[in-house]
Amino acid sequence: MAKLEYLLSLTPRESWRILRHRLPGLRGGPSWQPNELIYSSKHGRGIRFAELLLRQEAVVARAMAWEPLNFEGKRVVEVGCGPLGGYGPLALFCGAVSFESAEPEWDAALFESPEVAEKYLFIFYADLVALYGQRMDFDTFRRTLRERMQIQHCGFEKFTMAGKADIVLSQSCLEHVFPIEGTIDKLAEIQHARTRFLHLVDFGNHYPTGNPLDGLYEQPRDDYIARRGKAMNLLRAPDVDALFKSRNIPAKTIPSRFVKETYHGHIHPWWRERYDEDALFTQLALVVGPAA
Ligand SMILES: C[S@@+](CC[C@H](N)C(=O)[O-])C[C@H]1O[C@@H](n2cnc3c(N)ncnc32)[C@H](O)[C@@H]1O
């Protein structure tokens, strides 16, 4: 019911995008339109990347020694930055020498449109000034983005870069990547031993349901994917942790939201046989490093 109410609250285009992502055989949403992004409560607020970073770093600092990321002079890479460049504007405003990403839905013309500049980037810029100080004027900010932001229109497994990254980020992306192995191989390739990384992975159903895991465990993983399309790979936190370690990436996986109490659904034996309760009920986790 909650899902239906949610779908009814969306514009026809938004509903069509979700259906295209969720129904097998229809993968690939319609291309983004500037207004659809600018007026989205999620995509339209660029400063949410600063909020996410502040919150996620605070969580990590409770679990291990962690100094806040310093972008000054750094080469920053993001996996799947999304249609508005993700962490790119923030990293470049804060002094990164470059920001690179691979994003299958990237549309350079959309990002350079006057609507995005005036309604998204300018507000984002003003919020960055409030948070980090007047590091540059708006024209310099836009020029810096034009010159130092390079986003490849492909999956991260095909990402190319000369040299290594200093900082690697992703926000709610790794759970959407099919197959994920190529992306982890690519991370191992572009990182050096001191590369700092922070990935937020959302293991939930990505619907506004009462419990964020509702519906996920009623059938084996492959059946869910066959029914709902390749929107989410349905790996759990220990799987992602093991994948990083299998590529010798020194990662620590920190659960950051546990949602057992309000879960009342059936759990198919397929899940019970493979995962303990910690793995089943961790909705959010941070995969960070380098960890000792
Ligand atoms: C939930 S969105 C998050 C986007 C952005 N990180 C944000 O927080 O707004 C997931 C993103 O993963 C991207 N994605 C899916 N498969 C990918 C792949 N193989 N490589 C890189 N990005 C991918 C999608 O295009 C989408 O932009």
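Residues numbered from 1 in each chain as written. Predicted model: local features only at pLDDT ≥ 70, side-chain atom pairs only at ≥ 80, totals over all residues.

Remark: helix α7 (residues 114-132) packs on helix α8 (residues 138-148), axes separated minimally by 11 Å, with the N-to-C direction vectors making an angle of 105°. Put simply, α7 runs roughly perpendicular to α8. Of the residues in α8, those in contact with Ala-117, Leu-121, Phe-122 and Tyr-125 of α7 are Phe-138, Phe-141 and Arg-142. By residue class, the composition of the contact of α7 with α8 is six nonpolar, no polar and one charged. (Axes fitted to C-alpha atoms, helices over the stretch in contact; angles between N-to-C directions. Helix = DSSP H or I, 4+ residues; strand = E, 2+ residues; numbered from the N terminus. Parallel < 35°, antiparallel > 145°, perpendicular 65-115°, else oblique. Contact = placed C-beta atoms within 7 Å. Nonpolar A, V, L, I, M, F, W, Y, C, P; charged D, E, K, R; others polar.)

In space, the seven strands of this open sheet follow the order β3-β2-β1-β4-β5-β7-β6, with mixed pairing throughout. Strands at the two margins of the open sheet, each flanked by one partner only, are β3 (149-152) and β6 (252-258). The average angle at which neighbouring strand axes cross in this sheet is 15°, direction not considered. Here strand β5 (residues 191-202) runs beside strand β7 (residues 282-289); their pairing, made up of six bridges, is antiparallel. (Pairing = 2+ DSSP bridges.)

Over its 16 residues, helix α4 (residues 48-63) extends 23 Å from the first C-alpha to the last, a length consistent with the 22 Å expected when each residue adds 1.5 Å. Burial in α4 covers these residues: Phe-49, Ala-50, Leu-53 and Gln-56. Seen along its axis, α4 keeps its buried residues to an arc of 135°; they face one direction. Opposite the packed face of α4, turned more than 90 degrees from it, sit the exposed residues Glu-51, Leu-54, Arg-55, Ala-58 and Arg-62. Along its buried surface, α4 packs onto α5 (88-93), α7, β5 and β7. (Expected span 1.5 Å × (residues − 1). Buried ≥ 20, exposed ≤ 12 C-beta atoms within 10 Å, placed from the backbone. Arc of directions from axis to C-beta.)

Here we take up the site of the ligand. Around the ligand sit 18 residues, and of these Gly-80, Gly-82, Gly-155, Phe-156 and Gln-171 come closest. Tallied by class, residues from the shell around the ligand come to seven nonpolar, eight polar and three charged. Two domains each put at least three residues into the shell around the ligand: domain 1 (30-168) and domain 2 (172-292). (Near = placed C-beta within 6 Å. Domains from an automatic or database assignment.)

Let's shift gears to the pairing of β7. β7 sits mainly inside the fold: eight of its eight residues count as buried. For β6 and β7, the ladder comprises six bridges, and the chain directions are antiparallel. Directly across from Ile-254, in β7, lies its bridge partner Leu-286.

Across the protein chain, pLDDT averages 93, with 90% of residues at or above 70. Predicted confidence in the protein chain is weakest over helix α1 (residues 2-8), with a mean pLDDT of 61, and strongest over strand β1 (residues 75-79), with 99. (pLDDT = per-residue confidence, 0-100.)

A few words on unusual backbone geometry. In this model, Phe-178 is joined to Pro-179 through a cis peptide bond whose omega is -25°. As for its position among the elements, Pro-179 is in the loop between β4 (165-171) and α9 (181-190). Each neighbour pair has its own omega, and for Gly-289 with Pro-290 the value is 5°, a cis peptide bond. Here Pro-290 lies in the segment after β7. Of note in this structure, Ser-172 is not a glycine but carries a positive phi near 50°. In this structure, Ser-172 sits in the loop between β4 and α9. Look at Ser-172 and you get partly exposed, because 17 C-beta atoms sit within 10 Å. Although it is not a glycine, Leu-234 sits at a positive phi angle of roughly 60°. Assignment of secondary structure puts Leu-234 in the loop between α10 (221-228) and α11 (237-246). Judged by C-beta crowding, with 18 C-beta atoms within 10 Å, Leu-234 ranks as partly exposed.

Examined against the element boundaries, Glu-103 turns out to sit in the loop between β2 (98-102) and α6 (108-111). Looking at Glu-103, the number of C-beta atoms within 10 Å reads 23, which means it is buried. Setting aside anything within four residues of it in sequence, one finds Glu-103 in contact with Gly-80, Cys-81, Gly-82 and Ile-151.

Counting residues in hydrophobic clusters, the biggest one holds 62 residues, and the most contacted among them are Val-76, Leu-90, Ala-91 and Val-287. Element by element, the count of residues in this core is highest for α7, at six residues. No fewer than three residues from each of domain 1 (30-168) and domain 2 (172-292) sit in this core. In contact with Ala-91, not counting residues within four places along its chain, are Phe-71, Val-76, Ala-96 and Phe-99. (Core = buried A, V, L, I, M, F, W, Y, C linked by C-beta atoms within 7 Å.)

Next up on the list: the environment of Ala-65. Mapped onto the elements of the fold, Ala-65 is located in the loop between α4 and β1. Each C-alpha atom, one on Ala-65 and one on Ala-292, is 9.7 Å from the other, the two residues being 227 residues apart in sequence.

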